[in-house]
Amino acid sequence: MGAKARKASKKAVKKASSQFPNSDSKTASADFLPLEGNPSRELPETKPQLNKATVLYIGRIPHGFYEKEMEAYFKQFGAIKRLRIARNKKTGKSKHFGFIEFENPQVAEVVADCMHNYLLFEHLLQVHIIPPEHVHPKLWRGFNYKYKPVDYVQIERKQHNKVRTLEEHKKLVEKILKQDARRRKRIEAAGIDYECPEIVGSVQPAPKKIKFDEE
């Protein structure tokens, strides 16, 4: 190799080495080695994932602390988006647990920290944050619906006062006789010596002697 070739090779080595930073250079903290002819880049700092949960579970709700009272009490922490209390479908009574959703996740976190095990009307409230992936899609169905329990007294009153036709009365009598036959078989299978009284009825429907007034 001649002198000119050695000089050319040294220049090529220096040029290549100048493209890679040394450990003492300012770019030593770069996360990636730069591509040829491109400057080095640093990765953006990864920020911790923010809490996005806004729904809270509230358990051990005392008697008398219902939707209006809960809304008036918890709105002092922040804006409330939705609120509901689990109720019995037949009676409409509270099941003593419910859910509340705030507009700001930070407010929900503060409420969970402050109100968990808080003594309210001799009840220790149980307040927990529900992660968004665990919130049931049907949780807020009918949340603004004022529940009215089924009036079974009214239903029974209408059933009693109903005037039946001859065909409807025959079906009613047949149903009663079938129930009586099944009852007799169960008594015999149990080994009980008992004579069931005969059911006396008329095929013709009788007029209603007692009719309850509708309120």
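Procedures and definitions
- Residues numbered from 1 in each chain as written.
- Predicted model: local features only at pLDDT ≥ 70, side-chain atom pairs only at ≥ 80, totals over all residues.
- Heavy atoms only, no water.
- Pairing = 2+ DSSP bridges.
- Helix = DSSP H or I, 4+ residues; strand = E, 2+ residues; numbered from the N terminus.
- Axes fitted to C-alpha atoms, helices over the stretch in contact; angles between N-to-C directions.
- Contact = heavy atoms within 4.5 Å.
- Buried < 20%, exposed > 50% of the residue type's maximum accessible area, 1.4 Å probe, protein only.
- Arc of directions from axis to C-beta.
- Core = buried A, V, L, I, M, F, W, Y, C linked by side-chain atoms within 4.5 Å.

Asks: With reference to specific residues and values, describe the sheet that holds strand 2 (residues 80-87).
Replies: Spatially, 4 strands are ordered 2-3-1-6 in an open sheet, and the strand pairing comes out antiparallel. Each end of this open sheet is capped by a strand with a single partner; those strands are strand 2 and strand 6 (126-130). The mean angle between the axes of side-by-side strands here comes to 20°, regardless of whether they run parallel or antiparallel. Summarising the sheet, strand 1 (residues 55-59) and strand 3 (residues 94-102) pair through 5 bridges and their orientation is antiparallel. Counted as the bridge partner of Gly59 is Phe97 from strand 3. The sheet contacts of helix 2 (residues 67-74) involve strand 1, strand 2 and strand 3, and relative to strand 2 the element is tilted by about 145°.

Asks: Describe helix 4 (residues 152-161), and please don't skip the residues or the numbers.
Replies: Every buried residue of helix 4 is accounted for by Gln154, Arg157 and Asn161. What you see down the axis of helix 4 is that its buried residues fit within an arc of 60°, all on one side.

Asks: How would you sum up the pairing of strand 2? Please name residues and give values.
Replies: Relative to strand 3, strand 2 runs antiparallel, the two sharing 6 bridges. Its bridge partner being in strand 3, Arg82 is matched across the sheet by Glu101. Linking strand 2 to strand 3, which pair antiparallel, is a turn of 6 residues; within it Gly92 sits at a positive phi near 80°.

Asks: Could you give an account of the nonpolar core, with specific residues and numbers?
Replies: If you look at the biggest cluster of nonpolar residues, it comprises 18 residues, and the most contacted ones within it are Leu56, Ile58, Met70, Phe74 and Phe102. For this core, the elements supplying multiple residues, two or more each, are strand 1, helix 2, strand 2, strand 3 and helix 3 (105-115). Of the residues forming this core, the biggest block, 5 residues, is contributed by helix 3. In this structure Ile58 touches Met70, Phe74, His96, Phe97, Gly98, Ile100, Leu125, Gln126 and Val127, once residues within four positions along its chain are discounted.

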